[in-house]
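Summary of structural features
Residue strings, one per chain:
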Amino acid sequence: MENEEKIINKGEEDEMRIYGYTFCPWKLVLVAVGVLCTGGFLLLLLYWMPEWRVKAACRRASLRGCQVVLLRTTDEFQTWFCAKVRTVLSLGLHPFQTPKYVSEKVTNGCSSHLCITPSDENGSDVNGYSKAHLQEIRCFTHHSMKYFWNDVIQNFGSIKGLDESTSCSSIHNEHSRGLTKGMRDYRKLFYGVNEIAVKVPSIFKLLIKEVLNPFYIFQLFSVILWSTDEYYYYAAAIVIMSLISVVSSLYTIRKQYQMLHEMVAAHSVVRVSVSRANQGAEEILSTELVPGDVIVVPLNGMIMPCDAVLVSGTCIVNESMLTGESVPVTKTNLPNPTEDARALADEVYSPEGHRRHTLFCGTTVIQTRFYSGELVKAIVVRTGFSTSKGQLVRSILYPKPMDFKLYRDAYMFLLCLVGVAAVGFLYTVVISILYEVSAKIIIIESLDIITITVPPALPAAMTAGIVYAQRRLKKVGIFCISPQRINICGQLNLICFDKTGTLTEDGLDLWGFQRVESSRFLLPEESACSEALVKSPFVACMATCHSLTKIEGVLSGDPLDLKMFEATGWILEEATEEETALHNQIMPTVVRPPKQFLQDSKPASHKEMELFELSASYEIGIVRQFPFSSALQRMCVVARALGQKRMDAYVKGAPEVVAGLCKRETVPSDFERVLEEYTRQGFRVIALAHKKLESKLTWHKVLNVGRDVIEANMDFMGLIVMQNKLKQETPAVLEDLHKAGIRTVMVTGDNMLTAISVARDCGMIQPQDKVIIADALPPKDGQPARVNWHYADALPKDASATLAIDVEDIPIKLAHKSFEDLQVTRYHFAMNGKSFAVIQEHFQDLIPKLVLHGTIFARMAPDQKTQLVEALQNVDYYVGMCGDGANDCGALKQAHGGISLSELEASVASPFTSRTPSITCVPNLIREGRAALITSFCVFKFMALYSIIQYVSVTLLYSIQSNLGDFQFLFIDLAIILVVVFTMSLNPAWKELVAQRPPSGLISGTLLCSVLSQILISLGFQTLGFLWVRRQPWYETRAPLSRNVCDVSGVPFANASQHNSTSVHDEHNIQNYENTTIFFISSFQYLIVAVAFSKGRPFRQPCYKNYFFVISILVLYAVILTILLHPVASVDTFLELVCLPHSWRGKVLLIVAINAFVSILVENVLLDTVLWKALFSRDKQGEYCLASSSSSSFSSSSSHPPQETLGGWRWCALPALLRSRRKPPKAKYMHLAQELLVDPEWPPKPSTTTEARAPGNGSSYQIVTVT
């Protein structure tokens, strides 16, 4: 049992393995001794490594009796956490059991808490209970969630509310009466206080946490070491820089906490009215709520402090905080299976499945409607961090670690530098022993070489480029809450777009409608505002079948409903609160046409006549509403016209769904053809249906009848055609992305044919491209699951411009030897959400192949959008997601770069938010991401070279028992490095996207060659200067303190010689010819590599447009040249330089000039032109081909590669595969694309079916050809 390994949160995003441990006394003693012996370093190490901390102080134990739990995530990061297990005493083991003594507690009128900790025990009686009545409960807290021990599953688990395994019938029958105070207190033990607590840490706590960062500990070690070596000024400068960095970091972190705290805390604590079991209503603070409490929603609404399910009444809610859509949503009460035939008896309640009945935490209830004498009530189902808002806040507080190759490689590179430092350490020790140096000096100098090799300013330097990119994004209206993702956006090679509101305009315009009479379509009509149609069922359906409401006198609701209702010209009136209170039922919403539409309307001259006309006018009352359901793809209302005995049912929704509800004889025979014509042109089509209800269905019966009864055997009435126009900028942006080799995918909730049409209109699919529709069907009647493949008509709208192509004649093998054939046979997959679900369940092997060429994903539910993003990431795509915030939150969070076009609070879920509701933000973000990524590479390379150049300088000087002086270090680090690093990061992004993408990591051929070549050049020229100066006839081993070797041809040199002749004894041997020579050469080398590494095109603006950088470099060159060629005694004294002969200064300048020429030549000519094109035209991921992207054979289609796999890599990868033994690409999607080139069965042929095989038959599916 001690070695048991269990899993908590199984199948969820935060799934973790859990291990039990108990404290071990002798291990604790050993750790204490180790901490004392290492001067506290062991304690720091254990603080940084939770796994080591637990294993060092504890021994393995069973989970049942453990004192500490060790947690490890099961994702690719394998992150470790630890938590201490607490024990509390309670009257029961589960929140939903009813302990025997709770009722006694209530009866006696005592309201003290029903739980205590063991430390509260006094004698045999605790708060009125004997120990025999109390039971131990063991729990721990991790990431704001409590986990309790469960004896049944012998594991810890989070306590769920009423959102799991609770039937709808039990919610009404068992939980609708409310809780007693005793039960409330009992449950509060398990659920805690109902608040989403984002505590702003104290400055002291943040300071300790920040200072204990390994980076600052290393800096502290460096400062102590430099102080020991009497480098006081340099140490003081580093301390000041570190303090500035710490203060800046503390300010930023605290500000972010405060912003999140203010966002969460706003209206989070309110007073609510709660129904107590048999005790009436009670007003309490919302923090006291627990699952099972029944809250009364007030008339004027409220901001929900928890997740609750409506059990009586109706609410109009603004859910913009969660969905990003500010359209009011109508919430109805949860159907009661015992009273309502429409509800399934054994249906299990779930907040997502019953969204239309659930009030979510943080959303605003605008209005309520209720029965006379019956309040609007909702039962609390989730509280605190378990609510929808709480989960959103948790994802912000505890974000998933970013897995980006750059950061992994950065650590690898640092390890390499540590290896180099180890070599220098050993070299220093050996040299010092040979020179018989004291042990103290050996330790100091050998450790000093480590601080030189690993630059302390590296993290700050790496962050600079991201900060500058974030500022530039802010200027173009893109706001970022996760700056580290900016670099990742530089690697995006696939963008998923929502359609409505993203690619197309947010609103819909009514294009027209086509009614049906006698099972035949009439001619299309444009206006519904006519006397002939005013009393027709078609217009009545348009006027009643919606969820519109009046808020402060303004009609509000879904934009589609609004357009449809406005097209009728009718008037909507709602009952006032006073009218509602006078009736036994909810007063119906009434709609009526304007009087001028009624043929029998006459002008009235008296008030009595007006009253008579009003009562005689035509109006319809909406008796009952079945709100729109995305799962059902329709909505329904029951209405009754004034004076009519029988009620009417009206349905509107997706045409194929509505047609399935209608009597077959009422649906026109050419329904599918007409529908396809509209959808192929990109119109959004809504179907309407109607039926007269039986006269026996009274008002009361209608309120309880099932939806399926109402919606059965309808009469098909016709189609409403809505026009959803493309945004003006959409085609141009998509063309830019295609030119840059970035795939585009449409993920929408709309009709598939409409989506295909929009994709062709905006250029996502070219006219000559083939579209293959995957229509998957689940297993049925013993038949296996199957996918039917259909080839959509690929003709452009102007059919006269192209000859018709018979789908049967389409060549099946689309990968041909000639590029011309390949160019005209590109293909795309299209599928709907139902097919995607079936393929995910029964055809797992097909998913990678389909997402490789999938372009249209229609009728996708919100969770399916997230699954699609995951599937694309699983084949190594860097995925961006652009949506308007509505239903896209999950996908926006899951994508590498999620961009929300909504300014509402839903943008909190997205790393990036664009204030401009336009997809122009996508190329802007990618350009800035690429610029930031290249800047990170440049800065990292520069910092690596800086440390290596200084390492070489110090190593050469150590060989003669010398070193750089205190102020020399200071000048190099502050005047040169700091200025260069923070100005070289200022290069703006290149003005347009290009087909190349920057490498994704530091461990790539070009970058390694670049760094290694510059290291060798720097090493060579420093060594040359070091050896050459020792061969000069005037050279002396020690500093020339007594003899003037300068050419005294002018005052400056005389001043310098005077300074030398009066110098005091040089204890550290700083003032010598080697030191001064190395100082000048290395100072110039820092500037040379800075210029060499400051690349411009194709990802950043040229460095000469970075004016701050240019000015900084010129000023530094001028300063160093002045010190070299025109020495001043005070400056030489300050920098501890010796006077060099005039001739040698000229030679040093010559060395520097040749060094600069060689460095620039190697970096910008040999590497960028010869080596890049010869060896790295396709990067390690196999994601693009620079060499061939400009070839003439590709120029005709390069303006629009529909898929990167076909339009980009194949042009370079295919010939390369045939003529070379190049390694296969590492990216899974590239490897798969190569396999599909030689697969004779792919893509599927027209009119074929893929069937799922039975388990155990080898392959998971087989191809069956339908004849």
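Structure first, text after, so check above.
Residues numbered from 1 in each chain as written. Predicted model: local features only at pLDDT ≥ 70, side-chain atom pairs only at ≥ 80, totals over all residues. Heavy atoms only, no water.

**Quick look at the overall build of the chain**
Quick reminder of the rule: Think of it this way: any DSSP run of H or I at least four residues long counts as a helix, any run of E at least two long counts as a strand, and we number them from the N terminus. We call two residues in contact when some of their heavy atoms are within 4.5 Å. Working definition of accessibility: Shrake-Rupley area with a 1.4 Å probe, residue cover restricted to the visible protein chains.
Within the chain, the secondary structure is distributed over 43 helices and 46 strands. Contacts spanning at least 24 positions in sequence make up 75% of the contacts within the chain whose residues lie at least 6 apart. As presented, the chain carries roughly 55,600 Å² of accessible surface, and 58% of it is formed by carbon and sulfur atoms.

**Points about the nonpolar core**
The following threshold applies: For the purposes of this section, nonpolar cores are sets of buried Ala, Val, Leu, Ile, Met, Phe, Trp, Tyr and Cys residues that join through side-chain atoms within 4.5 Å. In this scheme, a residue with accessible area under 20% of its type's maximum is buried, one over 50% is exposed, and one in between is partly exposed, where area comes from a 1.4 Å probe on protein chains only.
Counting 86 residues, the largest nonpolar core has Tyr234, Phe942, Met943, Ile976, Ile977, Val980 and Phe1080 as its most contacted members. With 19 residues, helix α32 (residues 921–958) is the single largest residue contributor to this core. Non-local contacts of tyrosine 234, meaning those with residues more than four positions away in its chain, are made with Trp226, Tyr946, Asp966, Phe969, Leu970 and Asp973.

**A look at the sheet that holds strand β14 (residues 280–285)**
Under the convention used in this document: Two strands qualify as a pair provided DSSP detects at least 2 bridges between them.
One open sheet accounts for six strands, arranged β14-β13-β15-β23-β17-β21; its pairing is antiparallel. The open sheet has two free edges, formed respectively by β14 and β21 (358–359), since each of these has just one partner strand. Here strand β15 (residues 294–296) pairs with strand β23 (residues 377–382) via three bridges, running antiparallel. What sits directly across from isoleucine 295, in β23, is alanine 378.

**Overview of the packing of α32 against helix α33 (residues 966–984)**
Heads up, the condition is: For helices, the fitted axis covers only the stretch in contact; all axes are lines through C-alpha atoms, and the angles between them, taken along N-to-C directions, range from 0 to 180 degrees. If an angle is under 35 degrees, it is roughly parallel; if it is over 145, roughly antiparallel; if it lies from 65 to 115, roughly perpendicular; otherwise it is oblique. Left-handed is the label given to a crossing in which the near helix is rotated counterclockwise from the far helix by less than a right angle, and right-handed is the label when the rotation is clockwise. Three categories are distinguished: nonpolar for Ala, Val, Leu, Ile, Met, Phe, Trp, Tyr, Cys and Pro, charged for Asp, Glu, Lys and Arg, and polar for the others, with Gly belonging to the last.
At a minimum axis distance of 10 Å, the contact between α32 and α33 shows a crossing angle of 165 degrees. Here α32 is positioned roughly antiparallel relative to α33, judged by the angle of their axes. In the packing of α32 onto α33, the handedness of the crossing is right-handed. Residues Cys938, Val939, Phe942, Met943, Tyr946, Gln950 and Val954 of α32 lie in contact with α33, whose contacting residues are Phe969, Ile972, Asp973, Ile977, Val980, Val981 and Met984. Residues of the contact of α32 with α33, tallied by class, amount to twelve nonpolar, one polar and one charged.

**Notes on the environment of asparagine 213**
Topologically, asparagine 213 is positioned in the loop between α7 (203–211) and α8 (214–228). In this structure the C-alpha to C-alpha distance between asparagine 213 and tyrosine 47, which are 166 residues apart in sequence, comes to 10.0 Å.

**Topic: the packing of aromatic side chains**
Two measures describe an aromatic ring pair: the distance that separates the ring centres and the angle between the ring planes. Selection rule: Only Phe, Tyr and Trp rings are paired, with Trp represented by its six-membered ring, and only when their centres lie within 6.5 Å; those with planes under 30 degrees apart are stacked, over 60 edge-to-face, the remainder tilted. A positively charged side chain is recorded as over a ring if its NZ (Lys) or CZ (Arg) lies within 6 Å of the ring centre. The angle to the ring normal must also be within 35 degrees.
The full count for this structure, using the stated rule, is 26 aromatic pairs. On the numbers, 5.4 Å between centres and 80 degrees between planes, the contact of tyrosine 186 with phenylalanine 190 is edge-to-face. Here tyrosine 186 and its partner phenylalanine 190 are both found in helix α6 (residues 181–191), four residues apart, which amounts to about one turn of the helix. A single burial state applies to tyrosine 186 and to phenylalanine 190, both of which are buried. Note on tryptophan 789 and phenylalanine 829: the rings are 5.7 Å apart at their centroids and 55 degrees apart in plane angle, and the pair reads as tilted. In this pair, tryptophan 789 sits in strand β39 (residues 786–792) while phenylalanine 829 sits in strand β40 (residues 827–832), placing the two residues 40 residues apart along the sequence. Accessibility classification places tryptophan 789 together with phenylalanine 829 in one group, the buried group. Against the face of phenylalanine 479 rests arginine 915, its NZ or CZ located 4.4 Å from the ring centre.

**Details of the pairing of strand β43 (residues 897–900)**
Side chains Gly897 and Ile899 project from β43 onto one buried face, and the interleaved Gly898 and Ser900 project onto a second face that is buried too. Direction of pairing for strand β42 (residues 879–883) relative to β43: parallel, over a ladder of four bridges. Looking across to β43, one finds that cysteine 882 is bridged to isoleucine 899. By the bridge criterion, two bridges tie β43 to strand β44 (residues 912–914) in an arrangement that is parallel. The residue of β44 that forms the bridge with serine 900 is threonine 913.

**Details of the sheet that holds strand β9 (residues 135–142)**
What the four strands build is an open sheet, ordered β6-β9-β10-β11; its pairing is antiparallel. Taken across any chain shown, the strands that pair with only one partner, and hence form the sheet edges, are β6 (86–90) and β11 (155–158). Across this sheet, the average inter-strand angle for adjacent strands is 40 degrees, counted without regard to direction. Taken together, the four bridges between strand β10 (residues 145–150) and β11 define a ladder with antiparallel strand orientation.

**Here's the deal with the packing of helix α14 (residues 458–475) against α32**
Here α14 crosses α32 at 160 degrees, and the two axes come no closer than 9 Å. In this view, α14 runs roughly antiparallel relative to α32, as classed from their interaxial angle. For the pair α14 and α32, the crossing hand works out as right-handed. Contact residues: α14 offers Leu458, Ala461, Met462, Gly465, Ala469, Arg472 and Leu473, while α32 offers Asn924, Leu925, Glu928, Ala931, Ala932, Thr935, Ser936, Val939, Phe940 and Met943. Looking at the contact of α14 with α32 residue by residue, the classes come out as eleven nonpolar, four polar and two charged.

**Notes on the environment of glutamine 873**
Here glutamine 873 is to be found in helix α30 (residues 862–874). Glutamine 873 sits 22 residues away from alanine 895 along the chain, and the two C-alpha atoms are 8.2 Å apart.

**Quick look at the side chain of histidine 690**
Tracing the sequence through the fold places histidine 690 in strand β35 (residues 683–692). Residues within four places of histidine 690 in sequence aside, it is in contact with Pro537, Asp648, Ala649, Tyr650, Met714, Asp715 and Met717.

**Some words on the state of the cysteines**
Quick reminder of the rule: When two cysteine sulfur atoms lie within 2.5 Å, the pair is treated as a disulfide.
Throughout the structure, instances matching the rule amount to zero disulfides. Residue cysteine 24 stays outside any disulfide, its sulfur separated by 8.2 Å from that of cysteine 58, the closest cysteine. In this structure cysteine 66 is a free cysteine whose sulfur lies 9.9 Å from that of cysteine 58, the closest cysteine sulfur available.

**Focus: the pairing of strand β41 (residues 854–858)**
For β41, the buried fraction is high: five of the five residues fall into the buried class. Here strand β37 (residues 743–747) runs beside β41; their pairing, made up of two bridges, is parallel. From the neighbouring strand, valine 747 faces β41, where its bridge partner is phenylalanine 857. Relative to β41, β40 is paired through four bridges, and the arrangement is parallel. Pairing of asparagine 832 across the sheet is with alanine 858, part of β41.

**As for unusual backbone geometry**
At serine 519, a position not held by glycine, the phi torsion is positive, near 60 degrees. Along the chain, serine 519 turns up in the loop between β26 (509–517) and β27 (520–521). A residue is classified by how much of its surface remains accessible, and serine 519, at 26% relative accessible area, is partly exposed. Notably, aspartate 876 is not glycine yet its phi reads approximately 75 degrees, a positive angle. Note on placement: aspartate 876 falls in the loop between α30 and β42.

**Focus on a nonpolar patch on the surface**
To keep things clear, this is the line we draw: Two distance rules govern patches: like charges are joined within 9 Å, and nonpolar side chains (Val, Leu, Ile, Met, Phe, Trp, Tyr) within 5 Å, applied only to residues with over 30% relative accessible area and no salt bridge. Any carboxyl oxygen of Asp or Glu within 4 Å of a side-chain nitrogen of Lys or Arg constitutes a salt bridge here.
Taken together, the side chains of Met412, Leu415, Ile1003, Leu1008 and Leu1012 present a nonpolar region at the surface, about 450 Å² in accessible area. Those elements giving two or more residues to the nonpolar patch turn out to be α12 (405–434) and α34 (1005–1030). Note that methionine 412 resides in helix α12. Using a relative accessible area of 47% as the deciding quantity, one classes methionine 412 as partly exposed.

Function-wise, these values are silent; they only describe arrangement.
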